[in-house]
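Each chain, written out:
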Amino acid sequence: MTNELFIQLLAAFLFTMGVLVVLLRRDTIMVLMGIELLLNAANLSLVAFSKTNAMIDGQLQVLFVIALAAAESAVGLSILVNLYRNFGSIKTQNATTLKG
């Protein structure tokens, strides 16, 4: 098994675990962690493909995905703080009452 294949299998495993966490967990923090797993799996795959093809495009895209993940974490945590202030809990079922 080559290194490239191993890295792609690891990225697929991380992506699958992220999807399962997002779909099955009820805790909002765990859902945010699942989204981070999805983004990190995509980053790992982009870096592996860019190294295999000797191009820097994938590594540049990873920088944008990391910036997106940082912004998503900041917004997600601020929403969690607001949920906790309003409802005393961070369960995802409480977020449905925030619909405008």
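What you see is a predicted model, and the numbers here were worked out from it, not measured in a lab. (Residues numbered from 1 in each chain as written. Predicted model: local features only at pLDDT ≥ 70, side-chain atom pairs only at ≥ 80, totals over all residues. Heavy atoms only, no water.)

(A) Inspection of the overall build of the protein chain at higher detail. Within the protein chain, the regular secondary structure consists of 3 helices and 0 strands. Ordered by position from N to C terminus, the α and β elements of the protein chain give α-α-α. Look at the contacts in the protein chain between residues 6 or more apart in sequence, and 52% of them connect residues 24 or more apart. Accessible area for the protein chain stands at about 7000 Å²; split by element, carbon and sulfur atoms hold 71% of it. (Helix = DSSP H or I, 4+ residues; strand = E, 2+ residues; numbered from the N terminus. Contact = heavy atoms within 4.5 Å. Areas by Shrake-Rupley, 256 points an atom, 1.4 Å probe, with all protein chains shown as cover.)

(B) Quick look at the environment of leucine 44. With respect to the helices, strands and loops of the structure, leucine 44 is situated in helix α2 (residues 28-52). For the pair leucine 44 and leucine 10, spaced 34 residues apart in sequence, the C-alpha separation works out to 8.5 Å. Setting aside residues up to four positions removed in sequence, leucine 44 forms contacts with Ile7, Leu10, Ala11 and Leu14.

(C) Focus on unusual backbone geometry. Even without being glycine, alanine 54 reaches a positive phi, approximately 55°. Looking at the secondary structure, you find alanine 54 in the loop between α2 and α3 (57-87).

(D) Expanded view of α3. Taking 1.5 Å per residue, 31 residues should reach 45 Å; α3 reaches 44 Å between its end C-alpha atoms and fits that length. Contacts from the buried residues of α3 go to α2. (Expected span 1.5 Å × (residues − 1).)

(E) Broad picture of the packing of α2 against α3. Here α2 crosses α3 at 175°, and the two axes come no closer than 9 Å. When the interaxial angle is binned, α2 and α3 end up roughly antiparallel. Of α3, the residues touching α2 (which contributes Thr28, Ile29, Leu32, Ile35, Glu36, Leu39, Asn43, Leu46, Val47 and Ser50) are Gly58, Gln59, Gln61, Val62, Val65, Ile66, Ala69, Glu72, Ser73, Gly76, Leu77 and Leu80. By residue class, the composition of the contact of α2 with α3 is 12 nonpolar, 8 polar and 2 charged. (Axes fitted to C-alpha atoms, helices over the stretch in contact; angles between N-to-C directions. Parallel < 35°, antiparallel > 145°, perpendicular 65-115°, else oblique. Nonpolar A, V, L, I, M, F, W, Y, C, P; charged D, E, K, R; others polar.)

(F) Highlighting the environment of valine 19. Structurally, the position occupied by valine 19 is in helix α1 (residues 3-24). Residue class for valine 19 comes out partly exposed when judged on its relative accessible area of 30%. Through-space distance from the C-alpha of valine 19 to that of arginine 85 is 28 Å; in sequence the pair is 66 residues apart. (Buried < 20%, exposed > 50% of the residue type's maximum accessible area, 1.4 Å probe, protein only.)

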